Amino acid sequence: MLPKFLKNVVLLSLFTTLVSCGANETTTTITSTPTPTPAPQSTATGTLVLADVNKNAAAKIEQFQPMADYLAARLEKFGIGVGEVKVAPDLDTMASMLKEGEVDIYVDSPYPAMIVSDKSGATPLLRRWKSGKGEYYGVIFTLAESEIDSLADLKGKMIAFEEPVSTSGYFLPLNTLLDDDLNMVEKGSKNETVAADEVGYIYSGDDENTIQWVLSGEVAAGAADYSFLEEIPAESRQALKILAETQKIARHLVIVRPGMDPELVQQIKTVLMEMDQTPEGKEVLTTFEETAKFDEFPVETSLDKMRQLYEQVEKK
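Here is a short report on the structure shown in this document. Throughout, residues of each chain are indexed from 1 in the direction in which the sequence is written. Only residues with pLDDT of at least 70 get local features here, since the model is predicted, and only at 80 or more are side-chain atom pairs given and counted; chain-wide, interface and lining totals rely on the full set of residues. Side-chain metrics rest on all non-hydrogen atoms present in the structure, leaving aside hydrogens and water.

## Quick look at the overall build of the chain
And step 1. Helix and strand counts for the chain stand at 10 helices and 16 strands.
And step 2. In this scheme, a residue with accessible area under 20% of its type's maximum is buried, one over 50% is exposed, and one in between is partly exposed, where area comes from a 1.4 Å probe on protein chains only. In the chain, which comprises 316 residues, the proportion classed as buried is 51%.
And step 3. Note on contacts: a residue pair qualifies if any of its non-hydrogen atoms lie within 4.5 Å across the two residues. By sequence separation, contacts in the chain at least 24 residues apart represent 75% of the contacts at least 6 residues apart.
And step 4. In this description, accessible areas are obtained by the Shrake-Rupley approach with a 1.4 Å probe, and a residue is regarded as covered only by the protein chains that are shown. As displayed, the chain has an accessible area near 14,600 Å², and 47% of this comes from carbon and sulfur atoms. Helix numbers and strand numbers start at the N terminus; a helix is a DSSP run of H or I with at least 4 residues, a strand a run of E with at least 2.

Pasting the structure below:
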């Protein structure tokens, strides 16, 4: 239940076109833009913007809006009374929005969070327990009946990753393969030839496609979030075997825009960390992609780890 002074806030969804610099291209950011009508006892009309990068903008706005409202309702002393959600189409756009002050808070897994933070100067704040998990990792798998029993056996074969910005479905598994001194070479299609001394890789688009491609024999192996693999039907899971697990990292990180008032940052931190202690807070956390809680964690260390792994990827 929202506080009285927010009951009359009306949120409308509209498309905001962002023009990328230098390329004459346009990208579209979907935004929930509120028309604030504060109750008489409230004079706060400032806006707090919570954002995400996703292709399904409408779904993200629905999931994020209660969280944006909850935060805004507790930041009145900073002149904030309205919560807004923006969904950017890519990481570059998100970095630009944070840098320009168009977005206040961005939440994502460590790899994209590292990219956006480094490009925008945004600061890591807390860890988010998304889907009830504080940490997660990726797995590399193949068919149970396959003669492939180790990562070295993948030479001359094709593996499917999720997408280039996926932490568990690409970045961590790729680094695990590179740790085994495998020659990783991106390919344009599943049917492209893979040399005997290399491991070819392509992108499937999502974990579900990756698993299906492995089950159907379209690729020799795949990489995905371990929890996704645990949730598929038992028959499909039993038809697969895990070749390797990646290192574990923080599930999600919360980062705030550069230049934000330190007192506001501290208040946001306090509100987020106390959410799991009240019925209202727990209800909002559930709508926010089954988040269990937010907690303090060596978030900067997590980003530093991502930077080290990124250097290895760049050298391959």
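## A short note on the pattern of salt bridges
And step 1. Salt-bridge detection follows one rule: a side-chain nitrogen of Lys or Arg within 4 Å of a carboxyl oxygen of Asp or Glu. Enumeration according to the criterion identifies 14 salt bridges in this entry.
And step 2. Ionic pairing is found between K60 and D52, a salt bridge with its closest N-O pair at 3.6 Å.
And step 3. For D52, a relative accessible area of 6% translates into the label buried.
And step 4. K60 is paired through a salt bridge with E289; the nearest N and O atoms lie 2.2 Å apart. Of this pair, K60 sits in helix α1 (residues 57-72) while E289 sits in the loop between α9 (279-287) and β16 (294-295), placing them 229 residues apart in sequence.
And step 5. Residue classification places E289 among the buried residues on the basis of a relative accessible area of 13%.

## Re the packing of aromatic side chains
And step 1. Under the pairing criterion, centres of Phe, Tyr and Trp rings, with the six-membered ring standing for Trp, must be within 6.5 Å; the plane angle then separates stacked pairs below 30 degrees from edge-to-face pairs above 60, leaving the rest tilted. One pass over the full model with this rule turns up nine aromatic pairs.
And step 2. Between F64 and F288, the aromatic rings sit 4.8 Å apart at their centres with planes inclined by 70°, giving edge-to-face as the arrangement. Of this pair, F64 sits in helix α1 while F288 sits in the loop between α9 and β16, and the two are 224 residues apart along the sequence. Here F64 and F288 have matching classes, each one buried.
And step 3. Between F161 and Y201 the ring centres are 5.3 Å apart and the planes differ by 55°, which places this aromatic pair in the tilted class. Note that F161 is positioned in strand β9 (residues 158-161) and Y201 in strand β11 (residues 199-203), a separation of 40 residues in sequence. Like Y201, F161 is buried.
And step 4. Members of the aromatic cluster, joined through ring pairs, are F161, Y170, Y201 and Y203.
And step 5. Sitting above the plane of the Y70 ring, R74 keeps its charged end 3.5 Å from the centroid.
And step 6. A cation over an aromatic ring shows up here: R251 above the ring of Y136, its NZ or CZ 4.1 Å from the ring centre. Charge over a ring is defined by NZ of Lys or CZ of Arg lying within 6 Å of the ring centre and within 35 degrees of the ring normal.

## Here's the deal with the packing of helix α2 (residues 91-99) against helix α3 (residues 110-120)
And step 1. Contact geometry of α2 with α3 gives a least axis separation of 8 Å together with a crossing angle of 45°. Looking at the two axes, α2 sits oblique to α3. Considering only the axes of α2 and α3, their crossing is right-handed. Of the residues in α3, those touching α2 at L91, D92, M94, A95, L98 and K99 are P112, I115, V116, K119 and S120.
And step 2. Residue polarity follows a fixed list, in which Ala, Val, Leu, Ile, Met, Phe, Trp, Tyr, Cys and Pro are nonpolar, Asp, Glu, Lys and Arg are charged, and the others, Gly among them, are polar. Classifying every residue of the contact of α2 with α3 gives seven nonpolar, one polar and three charged. Under this scheme, a helix contributes an axis fitted over its contacting stretch, all axes are lines through C-alpha atoms, and angles between N-to-C directions fall in the 0 to 180 degree range. The cut-offs work like this: below 35 degrees is roughly parallel, past 145 is roughly antiparallel, 65 to 115 is roughly perpendicular, and the gaps in between are oblique. Should the near helix be turned counterclockwise from the far one by less than a right angle, the crossing is left-handed, whereas a clockwise turn marks it as right-handed.

## Digging into the nonpolar core
And step 1. Residues M94, L154, I159, F161, L177 and M184 are the most contacted members of the largest nonpolar core, which totals 64 residues.
And step 2. Looking at this core, the element that brings in the most residues is helix α4 (residues 167-179), giving six residues.
And step 3. In these notes, a set of buried Ala, Val, Leu, Ile, Met, Phe, Trp, Tyr and Cys residues joined through side-chain atoms within 4.5 Å is what counts as a nonpolar core. Counting residues in each nonpolar core, the second largest holds 31 residues, with I61, M67, L125 and V265 among its members.

## Description of helix α10 (residues 299-315)
And step 1. The span one expects for a helix is its residue count, reduced by one, times 1.5 Å. For α10, which comprises 17 residues, the first-to-last C-alpha distance of 25 Å matches the rise-based estimate of 24 Å (1.5 Å per residue) to within 8%.
And step 2. Where α10 is concerned, the buried positions are V299, S302, L303, M306, L309 and V313. An end-on view of α10 places all buried positions within 120° of arc, on one side of the element. Facing away from the buried surface of α10 by more than 90 degrees, the exposed residues are Q308 and K315.
And step 3. Summarising the contacts, the buried residues of α10 are in contact with α3, β6 (123-128), α4, β14 (249-250) and β15 (252-256). Relevant arc is that of directions from the helix axis to the C-beta atoms, nothing else.

## Quick word on the sheet that holds strand β13 (residues 240-245)
And step 1. Read from one edge of the open sheet, six strands run β10-β11-β9-β12-β8-β13, paired in mixed fashion. With one partner strand each, in any of the chains shown, β10 (184-186) and β13 form the two edges of the open sheet. Ignoring which end each strand starts from, the neighbouring axes of this sheet average 30° apart.
And step 2. Bridge count between β9 and strand β12 (residues 221-225): two bridges; the pairing is parallel. Should DSSP find at least two bridges between two strands, the strands are regarded as paired.

## Quick word on the environment of D276
And step 1. Tracing the backbone through its elements, the reader meets D276 in the loop between α8 (262-274) and α9.
And step 2. Taking the C-alpha atoms as reference points, D276 and A292, separated by 16 residues in sequence, lie 7.1 Å from one another.
And step 3. Excluding its chain neighbours within four sequence positions, the residues that come into contact with D276 are K282, L285, A292 and K293.

## Some words on the pairing of β9
And step 1. Of the two faces of β9, both are covered, the one formed by M158 and A160 as well as the one formed by I159 and F161.
And step 2. Pairing analysis gives four bridges linking β9 to β11, with the strands arranged parallel. When the bridges of β11 are listed, I159 appears paired with Y201.

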